[in-house]
There are 2 protein chains.
Amino acid sequence: MIKLYGYWRSSAAYRVRIACHHKGLAFENISVNLVKGGGEQFLPGYSVLNPNKLVPTLVDGDRILNQSLAIIEYLDEAYPEKPLLPERAFDRAQVRALANNIAADCHPLNNLRVLKYLGNELGQEQEAKTRWYHHWVTQAFDGLELQLEHSAGLFCFGDQVTTADLCLVPQVYNAERFNVPMGQYPRIRGIVERCRALPAFELAQPELQPDAV
Amino acid sequence: MIKLYGYWRSSAAYRVRIACHHKGLAFENISVNLVKGGGEQFLPGYSVLNPNKLVPTLVDGDRILNQSLAIIEYLDEAYPEKPLLPERAFDRAQVRALANNIAADCHPLNNLRVLKYLGNELGQEQEAKTRWYHHWVTQAFDGLELQLEHSAGLFCFGDQVTTADLCLVPQVYNAERFNVPMGQYPRIRGIVERCRALPAFELAQPELQPDAV
């Protein structure tokens with residue numbers, strides 16, 4: 001059975017949970033607590049699976065794989081039912097671009113290790129960390145809202161769930177935690193609402209995970 | 001003819017230039033100066049092509065595409081000669097993971113807009129910005145060097161040039177500019193040296209671009 005090493009609140013792990021549920025794959029959720037005792041991702045038992053000491057890691061038989069988007073593309077190729085990418089090359093590329101607007105240009109700036117560095121190494125107070133967070137999310141959502149005008153139907157790209165939706169929903173969950181005002185993003189909000197009504201997204205939500213606090 | 005909007009020193013544009021040269025595609029290089037007058041990426045003429053106001057953007061006929069990795073995957077699917085990904089699903093995923101170690105977990109933390117924010121908004125001096133830069137590059141290269149032990153041959157994944165190499169070479173170029181010590185990364189250095197000897201990488205190097213200063 002597939003093993004997914006993740007953490008309830010990690011956006012990157014959340015993306016992969018949605019993908020597994022979307023495809024109806026049975027998987028074992030293994031918690032890597034990013035907070036407890038300085039972070040279990042630094043323990044040798046885990047870092048041998050993930051030398052970057054980040055979540056998620058997927059283990060499928062003897063195959064070990066890091067990086068949420070690489071994992072999702074792998075699942076989509078290895079388990080092609082209910083595809084997460086459209087068929088035509090240019091359509092696929094547009095979905096990948098939407099996904100990377102979040103996964104590359106937004107989320108890496110705002111995850112736990114970066115917020116920690118801002119506090120511990122640069123001596124920034126909570127208020128400056130929140131401004132930092134809001135700044136990068138707003139940059140990304142401003143661009144995305146414009147792009148969705150051309151690409152979206154019910155979901156980020158047309159009327160089918162794609163990898164872009166798997167990135168968007170965890171990012172919005174995260175933004176809500178940090179009280180980012182979402183008023184100016186009607187398209188993003190509509191898509192997220194429709195996604196959240198789907199079983200795969202419901203099952204994957206952080207609060208339902210066994211390691212949720 | 002393909003148009004590539006980029007900037008000579010942008011790592012993300014550099015990746016796509018290598019891909020184009022690798023595949024022998026004729027393309028027109030259009031400079032978006034990220035520095036002059038606060039940045040040409042903010043001008044309306046460009047931001048309509050790239051609502052995130054970042055480089056690169058590829059225009060292939062009537063197709064407009066953002067995000068370097070999405071562009072490279074598109075080029076690889078639309079122009080399949082000299083593929084940049086291996087054939088098997090798990091191999092492809094490993095290459096994508098190596099690429100994202102740089103493109104998602106390292107480069108977005110260290111690009112121009114982030115270093116600017118650290119200075120202008122958080123009042124950090126050059127010394128703190130350099131420490132920040134070194135910290136995230138070192139994190140990424142430490143993990144990558146370990147992973148390359150399993151994946152690398154002449155290049156990041158086996159003996160063929162892949163997307164992972166297209167991400168690595170610009171990141172190392174960038175790290176060298178910031179004087180990141182590279183002594184503890186013999187595998188990375190070996191791969192970069194072999195890449196740099198190839199015509200596609202040579203032609204794509206920043207100093208050879210028409211907008212280089």
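- Chain A carries the name Maleylacetoacetate isomerase in an unreviewed UniProt entry, which gives Ferrimonas lipolytica as its organism.
- Checking UniProt for chain A, the heading Sequence similarities (unreviewed entry) contains the comment "Belongs to the GST superfamily. Zeta family."

**Structural notes on the UniProt feature "domain: GST C-terminal" (unreviewed entry) in chain A**
- The UniProt entry lists residues 88–213 of chain A under the feature "domain: GST C-terminal" (unreviewed entry), expressed in the numbering used here.
- Here residues 88–213 of chain A runs as 68% helix and 0% strand, with 42 Å between its end C-alpha atoms.

**Observations concerning helix 9 (residues 186–196) of chain A**
- Buried within helix 9 of chain A we find Ile188, Gly190, Ile191, Val192 and Cys195 of chain A.
- On its buried face, helix 9 of chain A sits against helix 7 (126–151), helix 8 (163–177) and helix 10 (199–204) of chain A.

**Structural notes on unusual backbone geometry**
Residues and elements named next belong to chain A.
- Following Val55, the chain continues into Pro56 via a peptide bond in cis, with omega recorded as 0 degrees.
- Within the element layout of this structure, Pro56 appears in the loop between helix 2 (44–47) and strand 3 (57–60).
- Although it is not a glycine, Gln67 sits at a positive phi angle of roughly 75 degrees.
- Within the fold, Gln67 resides in the loop between strand 4 (63–66) and helix 3 (68–78).
- Overall, Gln67 belongs to the buried group, its relative accessible area being 11%.

**A closer look at the UniProt feature "domain: GST N-terminal" (unreviewed entry) in chain A**
- Following the UniProt record, one finds the feature "domain: GST N-terminal" (unreviewed entry) at residues 1–83 of chain A.
- Annotated as residues 1–83 of chain A, this span is 33% helix and 22% strand, and its ends, taken at the C-alpha atoms, are 20 Å apart.

**Quick word on helix 3 (residues 68–78) of chain B**
- Among the eleven residues that make up helix 3 of chain B, nine are buried, leaving the element largely enclosed by the rest of the structure.
- All of the buried residues along helix 3 of chain B are Ser68, Leu69, Ala70, Ile71, Ile72, Glu73, Tyr74, Leu75 and Asp76 of chain B.

**Points about the interface of chain A and chain B**
- Counting residues at the interface gives 45 residues for chain A and 45 residues for chain B.
- Summed over both sides, the interface of chain A with chain B buries roughly 4,100 Å², with 60% coming from carbon and sulfur.
- At the junction of chain A with chain B, the criterion picks out six salt bridges.
- As a salt-bridge pair, Glu77 of chain A and Arg96 of chain B come within 3.3 Å of each other at their nearest N and O atoms.
- Taken together, chain A and chain B are joined by 20 residue pairs in polar contact (both at pLDDT 80 or more).
- If you list the elements that add at least two residues to the side of chain A that touches chain B, you get strand 4, helix 3, helix 4 (89–103), helix 5 (107–110), helix 6 (112–120) and helix 7 of chain A.
- Top contributing element to the side of chain A that touches chain B by residue count: helix 7 of chain A, with eleven residues.
- Of the residues that constitute the side of chain A that touches chain B, the class distribution is 25 nonpolar, eleven polar and nine charged.

Analysis parameters
- Residues numbered from 1 in each chain as written.
- Chains lettered and ligands numbered in written order.
- Predicted model: local features only at pLDDT ≥ 70, side-chain atom pairs only at ≥ 80, totals over all residues.
- Heavy atoms only, no water.
- UniProt positions renumbered as here; feature names shortened; annotations may be inferred.
- Helix = DSSP H or I, 4+ residues; strand = E, 2+ residues; numbered from the N terminus.
- Buried < 20%, exposed > 50% of the residue type's maximum accessible area, 1.4 Å probe, protein only.
- Contact = heavy atoms within 4.5 Å.
- Buried area = accessible area lost by both parts, 1.4 Å probe.
- Salt bridge = Lys/Arg side-chain N within 4 Å of Asp/Glu carboxyl O.
- Polar contact = N/O pair within 3.5 Å; in protein donor to acceptor, adjacent residues only side chain to side chain.
- Nonpolar A, V, L, I, M, F, W, Y, C, P; charged D, E, K, R; others polar.

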